[in-house]
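Remarks on the overall topology
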Amino acid sequence: MDIKLLFAADNPPLSVIAAAKVAGVPLSFDPSLPSGSAPLFVFSNGMKLHGAYVLLRYVGRIASHSNFYGKDPLESGQIDEWLEYLPIFDKGSEFEAGCSYLDSYLLTNTFLVGHEVSIADICLLSALAGAGQRWESLRKSKKKYPNLIRWYNSLSSEYSSLNEVLGMYVGKKGSGKPVPSKLKDQDSQNESKSAAGDANDKMKAPNRPEVDLPDAEVGKVCLRFAPEPSGYLHIGHSKAALLNKYFAEKYKGRLIVRFDDTNPAKESNEFVENLLKDIETLGIAYDAVTYTSDYFPQLMEMAEKLIRQGKAYVDDTPREQMQEERMHGIESKYRNNSVEKNLELWKEMIAASERGLMCCLRGKLDMQDPNKSLRDPVYYRCNPIPHHRIGSKYKLYPTYDFACPFVDSVEGITHALRSSEYHDRNAQYHRIQQDMGLRKVHIYEFSRLNLVYTLLSKRKLLWFVQNGKVDGWDDPRFPTVQGIVRRGLKIEALIQFILEQGASKNLNLMEWDKLWSINKKII
């Protein structure tokens, strides 16, 4: 039967509207009742039901999820108890007393009744949302009621479609203003169109990043995921890995996993093995595994070529002084050395002599450029520590800034995905490719995934491991893939959570609540 919901414009029954949305019960709306009138359902056969809680229970009984009004008579009775208690939130003086009681109750409970959402939860969610600024201030301050706020955030993320519905009516509550007719029409059309489909919004496939790569051709795209083997894969890396996978599949292209192993002091085979394990855990199929160290001979040749062309020079300025000079645009006194002098010092670097160990190779770009990354960046540094793959063959290693644009171009990468924290270095990346005479690679930026109260720096995470503060890289308190899986996260939840962020370039700080609510739904 068709159902029309009639209510007073100044007192919309938020819980009924929200429950119908979750349950997939199609309603049309008519906010024409006089102020103070109880809401009612009018059925197409002429029958009527009166009163907000009567309507709410009716929606619970006919919902597509069978337990929306409890799985048995006992749970239905418990829901009724909550429906009798929750009007406390309509009494201004008792609002915080209600919050305090609910916060204590939700310390050990995920839902108000049983192990899944019910009309009692929807009624509480609606009551809090209906409190408007009073509740929002408490929620944002996070100084009180942490369990209630956790519960509210979890349900809000799981049933995100309710935010728009409630937002449409919350402002009308108590205002005495009629709901605009276009909203009535929109709600009517949306509700009747969605039916059971909207009831399962939370079960739809994750939102994919509907974006295109610049100048991409199907079948010709080649991407790379290039972690440094200096730690285990964490949730931030997972976003980059999954976005590369997404675009490779979208354009029927290739995906290369390349280990950026240019710093032997931090890297090990243990990290390589576990990074590959984590990539497979994420369900990422790749076409090849390569290493930047595979290209060390070509990189050495390119460095010498740039020296001979006057596009690079050897400098032994102390690191702190070099940083200061770059900051103020002061040229190094070695910048205009002859090619012969630079080649002589370059050989000292290769031999790792006492003189060579004091030097580095710098690109001769532009010391006056406002973009400081273009102020003669370092290309090579001496490091006598043996490399985890090639031993002591080399005593000097390329920097990421020098190796990445070279290897990307040589390997045939068409699009390099980089997080927006590297934005200022994009000009440097392309300038170095230009000086090398190599094919230009497109850069596509996405925002880095940051989570509240969470360290994602491998250097900082390593401190916890080395100092015995955690069990290891798979400690369940760690944001590594192995850590959060050990904590109880389903990998499907992680994938869905990351893909819902899409390829946005907007910086954001995410809450863990949403990830765990997705996980709970999957379990």
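Residues numbered from 1 in each chain as written. Predicted model: local features only at pLDDT ≥ 70, side-chain atom pairs only at ≥ 80, totals over all residues. Heavy atoms only, no water.

In the nomenclature of an unreviewed UniProt entry, the chain corresponds to glutamate--tRNA ligase from the organism Opuntia streptacantha. Per UniProt, the chain has the following entry under Subcellular location (unreviewed entry): "Cytoplasm". (UniProt positions renumbered as here; feature names shortened; annotations may be inferred.)

Quick word on the overall build of the chain
Counting its secondary structure elements, the chain contains 21 helices and 15 strands. Viewed in the frame of its principal axes, the chain has a C-alpha envelope of about 95 × 50 × 45 Å. Sequence separation of 24 or more characterises 71% of the internal contacts of the chain that already satisfy a separation of 6 or more. For the chain, the computed accessible surface area is about 24000 Å², with 49% contributed by carbon and sulfur atoms. (Helix = DSSP H or I, 4+ residues; strand = E, 2+ residues; numbered from the N terminus. Contact = heavy atoms within 4.5 Å. Areas by Shrake-Rupley, 256 points an atom, 1.4 Å probe, with all protein chains shown as cover.)

A look at the packing of aromatic side chains
Counted under the stated rule, the structure contains 24 aromatic pairs. For the ring pair Phe41 and Tyr58, a centre distance of 6.0 Å and an interplane angle of 70° mean the geometry is edge-to-face. Of this pair, Phe41 sits in strand β3 (residues 40–43) while Tyr58 is found in helix α2 (residues 52–62), placing the two residues 17 residues apart along the sequence. Phe41 sits in the buried class, given a relative accessible area of 0%. Taken together, the ring pairs in this structure connect Tyr232, Phe271, Trp463, Phe464, Trp473 and Phe478 into an aromatic cluster. Sitting above the plane of the Tyr291 ring, Arg389 keeps its charged end 3.8 Å from the centroid. Its guanidinium or amino end placed over the ring of Phe111, Lys520 lies 5.6 Å from that ring's centre, counting from NZ or CZ. (Phe/Tyr/Trp six-rings, centres within 6.5 Å; stacked < 30°, edge-to-face > 60°. Buried < 20%, exposed > 50% of the residue type's maximum accessible area, 1.4 Å probe, protein only. Lys NZ or Arg CZ within 6 Å of the ring centre and 35° of its normal.)

Structural notes on the sheet that holds strand β8 (residues 312–315)
The sheet built from 4 strands is open, its strands ordered β8-β9-β10-β11 with antiparallel pairing. If you trace the sheet from one side to the other, it starts and ends with β8 and β11 (396–398), each paired once. In this sheet, neighbouring strand axes are inclined to one another by 20° on average, regardless of whether the strands run parallel or antiparallel. In the packing of helix α15 (residues 339–351) onto the sheet, the strands contacted are β8, β9 (360–363), β10 (378–382) and β11, and the crossing angle to β8 comes to about 60°. (Pairing = 2+ DSSP bridges. Axes fitted to C-alpha atoms, helices over the stretch in contact; angles between N-to-C directions.)

Regarding helix α16 (residues 400–410)
Here α16 lies mainly inside the structure; 9 of its 11 residues are buried. Within α16 the residues assigned to the buried category are Asp401, Phe402, Ala403, Cys404, Pro405, Phe406, Val407, Asp408 and Ser409. Gly412 occupies a position one or two residues after α16 and carries a positive phi of about 85°.

Things to note about the sheet that holds strand β5 (residues 222–225)
The parallel open sheet is built from 3 strands, whose spatial order is β5-β6-β7. Looking at the sheet topology across the chains shown, the edges are occupied by β5 and β7 (288–291). The average angle at which neighbouring strand axes cross in this sheet is 30°, direction not considered. Two elements, strand β6 (residues 254–259) and β7, share 4 bridges in a ladder whose sense is parallel. The partner of Phe259 across the bridge, within β7, is Tyr291. In the packing of helix α11 (residues 235–250) onto the sheet, the strands contacted are β5 and β6, and the crossing angle to β5 comes to about 165°.

A look at the nonpolar core
Within the largest apolar cluster, 59 residues are counted, with the highest numbers of intra-cluster contacts made by Phe89, Leu128 and Leu148. Phe89 has contacts with Phe95, Gly98, Cys99, Leu102, Leu124, Ala127 and Leu128, leaving out every residue within four places of it along the chain. In this structure, Leu243, Val257, Val272 and Trp512 belong to the second largest nonpolar core, which totals 44 residues. (Core = buried A, V, L, I, M, F, W, Y, C linked by side-chain atoms within 4.5 Å.)

A few points about the pattern of salt bridges
Applying the stated criterion across every chain yields a total of 21 salt bridges. In this structure, Glu217 and Lys220 form a salt bridge, with 3.3 Å as the shortest nitrogen-oxygen distance. Given the relative accessible area of 46%, Glu217 is considered partly exposed. Across the pair Arg355 and Asp316 runs a salt bridge, and its minimum N-O distance is 2.6 Å. One end of the pair, Arg355, is in the loop between α15 and β9; the other, Asp316, is in the loop between β8 and α14 (319–328), with 39 residues separating them in the sequence. The partly exposed category is assigned to Arg355, whose relative accessible area is 31%. On the accessibility criterion, Asp316 (13% relative accessible area) is buried. Three or more residues are tied together by salt bridges with common partners; here these are Arg224, Arg258, Asp408 and Glu411. (Salt bridge = Lys/Arg side-chain N within 4 Å of Asp/Glu carboxyl O.)

Section: the domain arrangement of the chain
Reports of interface size often rely on the accessible area that becomes lost once the parts have come together. You can read the domains of the chain as domain 1 (3–166) and domain 2 (213–458). Placing the centre of domain 1 and that of domain 2 at their C-alpha centroids yields a distance of 54 Å. (Domains from an automatic or database assignment.)

A short note on the side chain of Ser373
Here Ser373 lies in the loop between β9 and β10. Polar side-chain contacts of Ser373 include one of 2.9 Å to the side chain of Asn371. Other than its neighbours up to four places away in sequence, Ser373 contacts Arg326, Asp424, Arg425 and Gln428. (Polar contact = N/O pair within 3.5 Å; in protein donor to acceptor, adjacent residues only side chain to side chain.)

A few points about the environment of Leu242
Turning to its location among the elements, Leu242 is positioned in helix α11. Placed 203 residues apart in sequence, Leu242 and Pro39 show a C-alpha to C-alpha distance of 48 Å. Among residues more than four places away in sequence, those in contact with Leu242 are Leu282, Ile284, Ile495, Ile498 and Leu499.

Focus: the UniProt feature "domain: Glutathione S-transferase C-terminal" (unreviewed entry) in the chain
Per the UniProt record, the feature "domain: Glutathione S-transferase C-terminal" (unreviewed entry) sits at residues 100–157. Summarising residues 100–157: 67% helix, 0% strand, and an end-to-end C-alpha distance of 22 Å.

Looking at the pairing of β3
Direction of pairing for strand β1 (residues 3–8) relative to β3: antiparallel, over a ladder of 4 bridges. Within the sheet, the bridge partner assigned to Ile3 lies in β3 and is Phe43. Taken together, the 3 bridges between β3 and strand β4 (residues 48–50) define a ladder with antiparallel strand orientation. When the sheet's bridge partners are listed, Leu40 is paired in β4 with His50. The turn joining β3 and β4, which pair antiparallel and follow one another in sequence, is formed by 4 residues; a positive phi near 95° is taken by Gly46.

Details of the pairing of strand β2 (residues 28–33)
Sheet topology places β1 next to β2; 4 bridges connect them, and they run parallel. Its bridge partner lying in β2, Leu6 is registered against Asp30. Viewed along the sheet, the connection from β1 through helix α1 (residues 14–23) into β2 turns out right-handed. (Right-handed = clockwise from strand over helix to strand, strands pointing away.)

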